[in-house]
Amino acid sequence: MIRVLLVDDQPLLRSGFRALLDLEDDIEVVAEAADGQEGLALVKEHLPDVALIDIQMPVVDGIEATRRIAADPALAGVHVVILTNYGLDEYVFNALRAGAAGFLVKDIVPDDFLHAVRVAARGDALLAPSITRKLIDRYVTQPLHTGTGLKGLTNREREAVALVAQGLSNDQIAERMVISSLTAKTHINRAMTKLHARDRAQLVVLAYESGLVTPRGS
């Protein structure tokens, strides 16, 4: 069962998301919050698999809430997905830097929304398809200069990271590298550990920042 927490200051949106989620046999909404401070308390209380958090809220905004969740080792299993009305903007970049697993625009169609929750729950990077390319271009043209680099990775780990950045799943990576899915997952997990990446979304960012992969046409 996928346990979800909803954090949004708009009651109508929360009720709409909850109505969709409650219809699914494998998803349970464990709690709702109207601001980031209340959301943080409920995250610690319920330890959800996925926290759907609005980016602009009173008291504590979505970016700060994400940063606090990412910084707490006890909440390592919580995957934060940022909800935004505006698509690609500086708030979204800051949320990803703070540790969000991805983001969704609020006008997403129901089937894509449900799929996104399941993707986030299993720990995969979640970036709205319509603006992923813009996100990548922005990170390439305005790198964060983290200084982490990829020098500590083995050749196979670098290959796996490059395939993650291309949006491939573990099974697809395994097929491409001619290895088992378990071995592919091991390469990815080791790369995340070495690079201090909280999740696959940050691994994608590091892959583009380092120049390991580049956007098509660049």
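Predicted, not measured: the structure shown is a model, and the values here were computed from it. (Residues numbered from 1 in each chain as written. Predicted model: local features only at pLDDT ≥ 70, side-chain atom pairs only at ≥ 80, totals over all residues. Heavy atoms only, no water.)

**What about the side chain of Asp8?**
And step 1. By the element assignment, Asp8 lies in the loop between strand E1 (2-7) and helix H1 (11-22).
And step 2. Relative accessible area serves as the criterion here: at 2%, Asp8 is assigned to the buried category.
And step 3. Side-chain polar atoms of Asp8 contact the backbone nitrogen of Gln10, separated by 2.8 Å. (Helix = DSSP H or I, 4+ residues; strand = E, 2+ residues; numbered from the N terminus. Buried < 20%, exposed > 50% of the residue type's maximum accessible area, 1.4 Å probe, protein only. Polar contact = N/O pair within 3.5 Å; in protein donor to acceptor, adjacent residues only side chain to side chain.)

**As for the environment of Val117**
And step 1. Mapped onto the elements of the fold, Val117 is located in helix H5 (residues 110-121).
And step 2. Using a relative accessible area of 1% as the deciding quantity, one classes Val117 as buried.
And step 3. Spatially, the C-alpha atom of Val117 lies 9.6 Å from that of His79, the residues being 38 residues apart in sequence.
And step 4. With sequence-adjacent residues up to four places away left out, Val117 is seen in contact with Ile2, Val4, Leu21, Ile27, Val50 and Leu52. (Contact = heavy atoms within 4.5 Å.)

**Some remarks on the packing of helix H2 (residues 36-46) against helix H3 (residues 62-71)**
And step 1. Close contact between H2 and H3 brings their axes to 9 Å; oriented N to C, the two are set at 25 degrees. Classified by the angle their axes make, H2 and H3 are roughly parallel. The chirality of how H2 crosses H3 is right-handed. Between H2 and H3, the residues in contact are Gly36, Leu40 and Val43 and Ala65, Arg68 and Ile69, respectively.
And step 2. Tallied by class, the residues present in the contact of H2 with H3 amount to four nonpolar, one polar and one charged. (Axes fitted to C-alpha atoms, helices over the stretch in contact; angles between N-to-C directions. Parallel < 35°, antiparallel > 145°, perpendicular 65-115°, else oblique. Left-handed = near helix turned anticlockwise from the far one by under 90°. Nonpolar A, V, L, I, M, F, W, Y, C, P; charged D, E, K, R; others polar.)

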